[in-house]
Amino acid sequence: MHRLHHSALIAVAFVAPLAAQNPPQRQPQQPARTPIKFDTTMVGDTSLFAPLNLPPGNEFRSGSGMAGPKYWQNRADYDIRATLDTGAKTLKGEETLRYTNNAPDTLRFLWIQVEQNAFKNGSLNSYGFPSESRFGARGFDGGDVIDRLNEIAKTGVQPPVRIRGDATMMKIDLLSPLPPGQTVTFDIAWHFNIPEHGADRMGRDGSLYELAQWYPRVAVYDDLRGWNTEPYLGQGEFYLDYGDYTVDVTVPAGYIVAATGTLQNPTEVLTPTEISRLAQAAKSEVPVHIVTQPELADGSAQPRKTGTLTWRFRARNVRDAVWAASPDYLWDASSYKGSIANSYYRPSAIETWKDGADMARMSIMEYSERWFPYPYPQISVVEGPVSGMEYPMLAMESKSSDKYELYNVITHEVGHNWFPMIVGSNERVHMWQDEGFNTFINYFSEARRYPEKGDLRARVAADRAQVEQYMQHGVDEAIEVPPDRINPQLLGENAYVKTAVGLSLLREEILGPQAFDEAFREYTRRWAFKHPSPTDFYRTMEDVSGKRLDWFFREWFLENPRFDQAIDSVITKQVGDTMQVAVRFANRARGVLPIHARFTFSDGSTQDFDYPAEVWSTNTTYYVREYAFAGKKLTKVELDPGHRVVDIDRTNNAWPRG
């Protein structure tokens, strides 16, 4: 999901009442600087460097961070048939769900997610988020209505099953136990009224519809927690098993539909001209107009103007399927190494969206070249009321004010196809493991397309300064906090920015780009189409980099310390033509980071000294070094002159003071 502009968040988080819980607006006036509160808790305690208390490796998850020899995950395959009623603003659907139990456990019940129930009166969402907030329902009373839910027996009989729950999680008691290696099949029918604002993750705007969280889907049963039954409240996102999907969507004949997967019946829903243009786009790096403005205006964009048409899509090895539909969509497409990049947008958005297909193409090119090849046959970016939301092969974005803002949103949502669509982490518990990772890889993509808005270092520096501001005001939180427990006004800073800054520190200041990139790529490869935990990430980064990082993972992800390095004292002594110098570097907060010191001499020359964070491992309060400079007179010592690390008080970073 797209983070709100984080330059605004520090002001909102610091001065706005928590009960308001409305999304921050852009560019509010900054509050007056408050006195810095030093975090002296456990300063001097070297337990920061103790081994993390991680679960031991086992046959399911190796101590090296890779999947073990008996790793397993369950599978859910769906055949879905849905009809959009634009007059009643409802969706009616039927599905066949095939659930395969690959666990070593026999299952006697399943948990099904019915997430439209978040928009029912009296839901947990309505209690947790004000109605007009970003994740609120805006006064809409909706919810899933289950019309039929039968377990399909091997005899062909479809007896009803017993269900329990009217919240976003529904328990199904199986007619008979499901042993390891066996599959159970369900026949489900349901309908719901489509909310206009579905927690900024789905919804409608006039005749345009964006459908997500739209079908009953099975929760994840895994080796770490059994059934994952965290409710859907709107702020926490999703955790889903992989499977194959067929999705048949019936809409009014004038509509254009974009969806997860590949269109299976183009001759039934597209004109011969559009089919020809799509074939051209499949071989073109330059966007091709599939549906044009004149065709929208004269009604020739569809083979039939009255009645309904059914669009049929198929997707393999994905964890979700969504779609968007509008009678006003323009459609552009290009391709990258066999994957088509589609862009769908209304004429009112053409000024910023005319390059949407190229933005999508560049995004999958950047992430494929740097981290892991894009495995799917297409990527679609769709314009609509959702400000920014990610799904397999499809990303939802709003109009945006300019091309820079639009690219930042598109490349962020497209980047989510790597985290968590390919690397299938648990977003509802560990939001940072996809939002933060994705924000980190966005730095490279944004700098590549629009270097005039800042190179990689400048973009990271801006976010690092934001993290420092939050720490200075004492409003930041630990990263490893489930998203539904994070103050909504701190969500962007915590799960997105702080995580991305931490990964940048790990890459640039601790491991180095080569070691970090090798480890991060290997983490992505190891856990592609699997369910990694934070422990698997920690262990893979250590395993591949060859460096113990307990201290860093503890301080940056698990705890919430501050960081404040200082020059405590400098002693100089002249011996002949040599100046002997002793410097006592100080660490005045719990967190530790590498030391970057610059020495300046009377002749204007400088010399830099860099020390790894491990120098604090036996004394996290002071670190003393002695130097000898022949023929030079020392005039200044400064810590971190390039602002490479986080430091909440830079007034104590230089000698002499002032």
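Further up the page is the structure itself.
Residues numbered from 1 in each chain as written. Predicted model: local features only at pLDDT ≥ 70, side-chain atom pairs only at ≥ 80, totals over all residues. Heavy atoms only, no water.

As for the sheet that holds strand β22 (residues 388–391)
Strand order in this open sheet of 6 strands is β16-β19-β20-β21-β23-β22, and the pairing throughout is mixed. Sheet topology places β16 (288–291) and β22 at the edges, where each strand pairs with a single neighbour. Between one strand axis and the next, the sheet turns by 20 degrees as a mean value, whatever way the strands run. In the packing of helix α7 (residues 356–370) onto the sheet, contacts are made with β19 (330–336), β20 (339–345) and β21 (378–383), and the angle to β19 comes to roughly 25 degrees. (Pairing = 2+ DSSP bridges. Helix = DSSP H or I, 4+ residues; strand = E, 2+ residues; numbered from the N terminus. Axes fitted to C-alpha atoms, helices over the stretch in contact; angles between N-to-C directions. Contact = heavy atoms within 4.5 Å.)

Focus on the pattern of salt bridges
Close approach of charged atoms lets side chains of opposite charge pair. In total, this model carries 48 salt bridges according to the counting rule given. Two residues, K171 and D173, come together in a salt bridge whose shortest N-O distance is 2.5 Å. Here the two residues K171 and D173 agree in accessibility, since each one is buried. R507 is the salt-bridge partner of D517, the closest N and O atoms lying 2.8 Å from each other. Of this pair, D517 sits in helix α13 (residues 513–526) while R507 sits in helix α12 (residues 491–511), placing them 10 residues apart in sequence. Comparing D517 with R507 shows no difference in burial state: the two are buried. Three or more residues joined by partner-sharing salt bridges are found here, namely R75, D77, D244 and R316. (Salt bridge = Lys/Arg side-chain N within 4 Å of Asp/Glu carboxyl O. Buried < 20%, exposed > 50% of the residue type's maximum accessible area, 1.4 Å probe, protein only.)

A few points about empty space enclosed by the protein
The rolling of a water-molecule-sized probe over the atoms marks out the regions of remaining empty space. Counted according to the given criterion, the structure contains 4 cavities of 30 Å³ or more. Counted as a void, the second largest cavity has a volume near 70 Å³. Forming the boundary of the second largest cavity are Q113, A219, V220, N228, E230, E237, F238, Y239, N426 and R428. For the lining of the second largest cavity, the class distribution of residues is 4 nonpolar, 3 polar and 3 charged. (1 Å grid on protein atoms, 1.4 Å probe; cavity = no way out; pocket = protein on both sides within 12 Å on 5 of 7 lines; lining within 4 Å. Points joined across faces, edges and corners; volume = space filled by probe spheres on them. Nonpolar A, V, L, I, M, F, W, Y, C, P; charged D, E, K, R; others polar.)

Re the side chain of S339
Structurally, S339 can be placed in strand β20. On the accessibility criterion, S339 (6% relative accessible area) is buried. Here Y376 takes part through its backbone oxygen, which lies 2.7 Å from a polar atom of the side chain of S339. The contact partners of S339, leaving out residues within four places of it in the chain, are S334, I364, Y374, Y376, P377 and Q378. (Polar contact = N/O pair within 3.5 Å; in protein donor to acceptor, adjacent residues only side chain to side chain.)

Here's the deal with unusual backbone geometry
With an omega dihedral of 20 degrees, the bond running from F419 to P420 counts as a cis peptide bond. When you line up the elements, P420 lands in helix α9 (residues 417–422). Following W655, the chain continues into P656 via a peptide bond in cis, with omega recorded as 0 degrees. Considering the arrangement of structural elements, one finds P656 in the segment after β30 (654–655). In the Ramachandran plot, F529 falls in the positive-phi region, its phi being about 65 degrees despite a non-glycine side chain.

Some details on the packing of aromatic side chains
A full pass over the atoms with the stated rule returns 61 aromatic pairs. Here the aromatic rings of W432 and F557 are separated by 4.7 Å at their centres, their planes lie at 35 degrees, and the arrangement is tilted. Remark: F557 occurs in helix α15 (residues 550–558) and W432 occurs in helix α10 (residues 432–449); sequence separation between them is 125 residues. Across the pair, F557 and W432 agree in class, each one buried. Taken together, a centroid distance of 5.7 Å and an interplanar angle of 75 degrees make the contact between W551 and F552 edge-to-face. Judged on exposure class, the residue W551 and its partner F552 are both buried. Its guanidinium or amino end placed over the ring of F238, R217 lies 5.2 Å from that ring's centre, counting from NZ or CZ. (Phe/Tyr/Trp six-rings, centres within 6.5 Å; stacked < 30°, edge-to-face > 60°. Lys NZ or Arg CZ within 6 Å of the ring centre and 35° of its normal.)

Brief notes about α15
Of all 9 residues that make up α15, 8 are buried, and the element is covered over most of its length. Taken together, the buried positions of α15 are occupied by D550, W551, F552, F553, R554, E555, W556 and F557. Those residues of α15 that are buried are in contact with α10, α11 (456–473), α12 and α14 (534–545).

Topic: the sheet that holds strand β14 (residues 256–259)
An order of β8-β9-β18-β14 is seen for the 4 strands of this open sheet, with the pairing classed as antiparallel. In this open sheet, the two edge strands, each paired with only one partner strand, are β8 (203–205) and β14. Within this sheet the neighbouring strands show an average axis-to-axis angle of 10 degrees, counted without direction. Relative to strand β18 (residues 323–326), strand β9 (residues 208–211) is paired through 3 bridges, and the arrangement is antiparallel. Directly across from L211, in β18, lies its bridge partner W323.

A word on the nonpolar core
Burial of nonpolar side chains together is a common tendency in soluble globular proteins. Counting residues in hydrophobic clusters, the biggest one holds 197 residues, and the most contacted among them are W214, W323, F520 and F585. Per-element accounting of this core gives the leading share, 11 residues, to α12. Residue contacts for F585: discarding those within four places in its chain leaves A566, I567, I595, A597, Y611, W616, T621, Y622, Y623, R625, Y627 and L639. (Core = buried A, V, L, I, M, F, W, Y, C linked by side-chain atoms within 4.5 Å.)

Thoughts on the environment of W190
Considering the arrangement of structural elements, one finds W190 in strand β7 (residues 183–193). Taking the relative accessible area as the measure of exposure, W190 reaches 0% and is therefore buried. For the pair W190 and R584, spaced 394 residues apart in sequence, the C-alpha separation works out to 69 Å. At a separation of 2.9 Å, a polar atom in the side chain of W190 contacts the main-chain carbonyl oxygen of W214.

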